[in-house]
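# Geometric and topological summary
Chain by chain, the residues:
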Number of protein chains: 2
Amino acid sequence: MERLNISDHISRQFNEELENVRGQVLKMGGLVEEQMALAVQALVNGDAELAERVILNDYRINALDVAIDEECTRIVARRQPAATDLRLVMAVIKTITDLERIGDEAKRVARMVVEHLSGSVNDEVRQEMEHMGVLVREMLRGVLDAFARTDVDTAMAVVRADRKVDAKYGAITRQLMTYMAEDPRSIPMTLNILWAARAMERIGDRCQNIAEYIFYLVHGRDIRHTSIEDAELEHAREQARERESGQESE
Amino acid sequence: MERLNISDHISRQFNEELENVRGQVLKMGGLVEEQMALAVQALVNGDAELAERVILNDYRINALDVAIDEECTRIVARRQPAATDLRLVMAVIKTITDLERIGDEAKRVARMVVEHLSGSVNDEVRQEMEHMGVLVREMLRGVLDAFARTDVDTAMAVVRADRKVDAKYGAITRQLMTYMAEDPRSIPMTLNILWAARAMERIGDRCQNIAEYIFYLVHGRDIRHTSIEDAELEHAREQARERESGQESE
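Residues numbered from 1 in each chain as written. Chains lettered and ligands numbered in written order. Predicted model: local features only at pLDDT ≥ 70, side-chain atom pairs only at ≥ 80, totals over all residues. Heavy atoms only, no water.

Here the focus is the overall build of chain A. Along its length, chain A carries eight helices and zero strands. Put simply, chain A runs from its N terminus to its C terminus through helices and strands in the order α-α-α-α-α-α-α-α. Overall size of chain A, expressed as C-alpha extent along the three principal axes, is 75 × 40 × 25 Å. Looking at the 250 residues of chain A, the share that counts as buried comes to 54%. Accessible area of chain A: about 11600 Å², with a carbon and sulfur share of 48%. Side chains of chain A carry 33 positive and 46 negative charges; the gap between the two charge centres is 2 Å. (Helix = DSSP H or I, 4+ residues; strand = E, 2+ residues; numbered from the N terminus. Buried < 20%, exposed > 50% of the residue type's maximum accessible area, 1.4 Å probe, protein only. Areas by Shrake-Rupley, 256 points an atom, 1.4 Å probe, with all protein chains shown as cover. Lys, Arg positive; Asp, Glu negative; His and termini not counted. Charge placed at Lys NZ, Arg CZ, Asp CG, Glu CD.)

Turning our eyes to something else, we now look at helix H3 (residues 48–79) of chain A. Residue and element names in this part refer to chain A. Taking 1.5 Å as the rise per residue, H3 with 32 residues should run 46 Å; its terminal C-alpha atoms sit 47 Å apart, in good agreement. A bend of about 30° at Leu56 is the largest found in H3. Downstream of H3 by a residue or two, Gln80 has a phi angle that is positive, lying close to 45°. (Expected span 1.5 Å × (residues − 1). Bend = angle between axes of the 7 residues up to and from the residue.)

With that out of the way, let us pick up the UniProt feature "domain: PhoU" (unreviewed entry) in chain A. Mapped onto the present numbering, the UniProt feature "domain: PhoU" (unreviewed entry) falls at residues 25–112 and 130–214 of chain A. For residues 130–214 of chain A, the helix share is 93%, the strand share is 0%, and the end-to-end C-alpha distance is 28 Å. (UniProt positions renumbered as here; feature names shortened; annotations may be inferred.)

Residues and elements named next belong to chain A. Under the defined criterion, the tally for this structure stands at three cavities of 30 Å³ or more. Space inside the largest cavity adds up to approximately 130 Å³. If one sorts the elements of the lining of the largest cavity by residue count, H3 sits on top with four residues. By residue class, the composition of the lining of the largest cavity is six nonpolar, one polar and six charged. Roughly 110 Å³ of internal volume is contained in the second largest cavity. (1 Å grid on protein atoms, 1.4 Å probe; cavity = no way out; pocket = protein on both sides within 12 Å on 5 of 7 lines; lining within 4 Å. Points joined across faces, edges and corners; volume = space filled by probe spheres on them. Nonpolar A, V, L, I, M, F, W, Y, C, P; charged D, E, K, R; others polar.)

This part is about the nonpolar core. A general trend in soluble globular proteins is that nonpolar side chains are found buried together. The biggest cluster of nonpolar side chains holds 162 residues, and the ones touching the most others in it are Met129(A) and Met129(B). If we skip the residues at most four places from it in the chain, Met129(B) touches Val40(B), Leu43(B), Val44(B), Ile172(B), Ile193(B), Ala196(B), Ala197(B) and Met200(B). (Core = buried A, V, L, I, M, F, W, Y, C linked by side-chain atoms within 4.5 Å. Contact = heavy atoms within 4.5 Å.)

Turning next to the interface of chain A and chain B. At the interface, 37 residues of chain A touch 36 residues of chain B. Buried area between chain A and chain B, both sides added, is near 3500 Å², and the carbon and sulfur share of it is 60%. At the junction of chain A and chain B, the tally comes to eight salt bridges. At the surface where chain A touches chain B, the tally comes to eight residue pairs in polar contact (both at pLDDT 80 or more). (Buried area = accessible area lost by both parts, 1.4 Å probe. Salt bridge = Lys/Arg side-chain N within 4 Å of Asp/Glu carboxyl O. Polar contact = N/O pair within 3.5 Å; in protein donor to acceptor, adjacent residues only side chain to side chain.)

Two side chains of opposite charge can pair, provided their charged atoms sit close to one another. All names here are of chain A. Following the criterion strictly, the structure yields 50 salt bridges over all chains and no others. Its salt-bridge partner being Asp98, residue Arg206 comes within 2.8 Å of it at the nearest N-O pair. Residue Arg206 is found in helix H7 (residues 187–219), and its partner Asp98 is found in helix H4 (residues 83–115); the two are separated by 108 residues along the sequence. Neither Arg206 nor Asp98 differs from the other in exposure class; each is buried.

Moving on, we come to the confidence of the model for chain A. When pLDDT is averaged along chain A, the result is 91, and 93% of the positions lie at 70 or above. Here residues 1–5 of chain A is a poorly scored stretch, pLDDT under 50, and it has three contacts once near neighbours within four places are set aside; other chains count. (pLDDT = per-residue confidence, 0-100.)

This is the structure we're talking about:
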């Protein structure tokens, strides 16, 4: 019963806790973005020292992951959130898992630079990898922005952008296969570039996952196994419904 | 207040709901195990028809994933679970994400068989891939068993087994690199085998993730970023503590 009397206080505190969690997720996202950008930079410049730094800094992402996860479980246990609040907590728990694994992919790219990359990458491949890095970084930035503003339109744009990343990955794979065939001695090094390209392609997939959690957060619907076209239709319908109910209440 | 009067009824129903969720997870795990085994079989036998079946059946895993996820959110919202119950729900939410992605990896392997595998795999590679398939399947079975019995010892054995899978993956990679260098015309096909090996290595990683959630479920501690040795020490300490408190209460 006590709870009812202090419910204003509790809900204010609760809102602060949720806002704090959102802030932590964005902080984690910023770190992940930085790690990914540095890993790509280390790869295209063959900079082993920078790659070492990326590897060393991964623990910061992991620490945030564990801390946010614990905070979410604590909030569920103590605040018993419902509806949108609960969906936010669930979306955060999944989002940080993907962010943490994007960090792992960045570390994987960095490790390749440190352990296997003897000699520098040729200019053509360098440009392609740099471009793929830019595309993936745009996806990550976009999805963090969508999360910050709870914006489904931006999230859907991220889902669509994954197609560009997949196409780029396909083009790089074909190019690298030609190199290997032309110069078999280059196979070990070329394979490493291929693994790095694969890691970036996976980062794109994970950004798409996060975009899908944002859709779930806003509309309460799981679209992971739905086509982008169907999801966009549903989003448009939901928006129309909101506009209508907005007009009715005027 | 009504709730207190019917609390027995509620807790019995609640237990049934939790048991039902555990059962659904095991059902999903069984499906995933089957899909993975069939994908490996299709790969080593170059059986495109079987691979098509694996691709078609993936939707069953996805449907279970969505259903279990919704049920977990519903349980959190309505039952407001605490302590171990809450940890179970959280562990389930994460476990099904990894199971669903193991299903995706199986589908990926199957797709390679359908789209790219012209000609059969040579005997040596076939044996290696079959062996890797067996190792990964043992991990998946082990971790589902650990989940069914909430058994940390079995879960820790799964974490250790991942080292064998990683070593096998390394050996296969080296072998395939030699093939590519010796016969550049084999590069496209050999790369596909390499992707399949990579997919299986990732399945091993995901089994390890699930094993770590079981540790969390039992001991309430997140060991994803802890070494296996430290986690085993902690498990031993927790068991000793339980035995002591068991003797005290006798």
